[in-house]
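# Structural features, examined
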Amino acid sequence: MLNKFYDREGAEILSTISVTTGNNSVVAVSDTPSVKLLDVNNNRKGGLLVNNGSNDVYMGFTGGVVAGNVAGALGGWIVRRGGSSFSLSHLAGYTGEIWAITPAGSTVIAVAEW
């Protein structure tokens, strides 16, 4: 479980990840169906998705994200198991939905946005 998040200058911006209301959560992801990690948020400045689970997670912009498909019209990327993370800063101001699915089994993703 994550304990701290830092901005680019090293300042702490989030000290805990827990299942709560608001913009920080832990989301269970499985192999069917895909799960929405983030809703549209026009005020989103950034965020971080962390996979501390034991399965890789495929992410994309629609509920049509497919495990194993990180190319093509749907786009997408993979966040490897065991603590790999993906910073929303890679999406250059994207404020839309983010969806996820595993190739098999289930895992949890720590989700934070600011």
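Fair warning: this is a prediction, and the values are worked out from it, not measured in the lab.

### Some words on the nonpolar core
Core analysis: the largest hydrophobic core is formed by 16 residues, its most contacted members being Leu-37, Leu-49, Met-59, Ile-98 and Ile-109. When sequence neighbours within four positions are dropped, the list of residues in contact with Leu-49 reads Leu-37, Leu-38, Met-59, Ser-84, Ser-85, Phe-86, Leu-88, Ile-98, Ile-109, Ala-110 and Val-111.

### Side note on the sheet that holds strand β7 (residues 77-79)
Spatially, β4-β9-β6-β7 is the arrangement adopted by the four strands of the open sheet, whose pairing is antiparallel. At either margin of the open sheet sits one strand with a lone partner, and together these are β4 (35-38) and β7. Within the sheet, the average angular offset between the axes of one strand and its neighbour, ignoring direction, is 35°. Taken together, the three bridges between strand β6 (residues 57-60) and strand β9 (residues 98-101) define a ladder with antiparallel strand orientation. Pairing of Gly-60 across the sheet is with Trp-99, part of β9.

### A closer look at the environment of Gly-63
Its location among the elements puts Gly-63 in the loop between β6 and β7. Beyond its immediate chain neighbours, meaning those up to four positions away, Gly-63 contacts Ser-34 and Trp-99.

### Quick word on unusual backbone geometry
The step from Thr-32 to Pro-33 runs through a cis peptide bond, and the omega angle for that step is -10°. Turning to its location among the elements, Pro-33 is positioned in the loop between β3 (24-30) and β4. Despite not being glycine, Ala-92 has its phi angle at roughly 45°, a positive value. Relative to the elements of secondary structure, Ala-92 occurs in the loop between β8 (84-87) and β9. In this structure Ala-92 comes out as exposed when scored by relative accessible area, which is 73%.

Cut-offs used in this document
- Residues numbered from 1 in each chain as written.
- Predicted model: local features only at pLDDT ≥ 70, side-chain atom pairs only at ≥ 80, totals over all residues.
- Heavy atoms only, no water.
- Core = buried A, V, L, I, M, F, W, Y, C linked by side-chain atoms within 4.5 Å.
- Buried < 20%, exposed > 50% of the residue type's maximum accessible area, 1.4 Å probe, protein only.
- Contact = heavy atoms within 4.5 Å.
- Pairing = 2+ DSSP bridges.
- Helix = DSSP H or I, 4+ residues; strand = E, 2+ residues; numbered from the N terminus.
- Axes fitted to C-alpha atoms, helices over the stretch in contact; angles between N-to-C directions.

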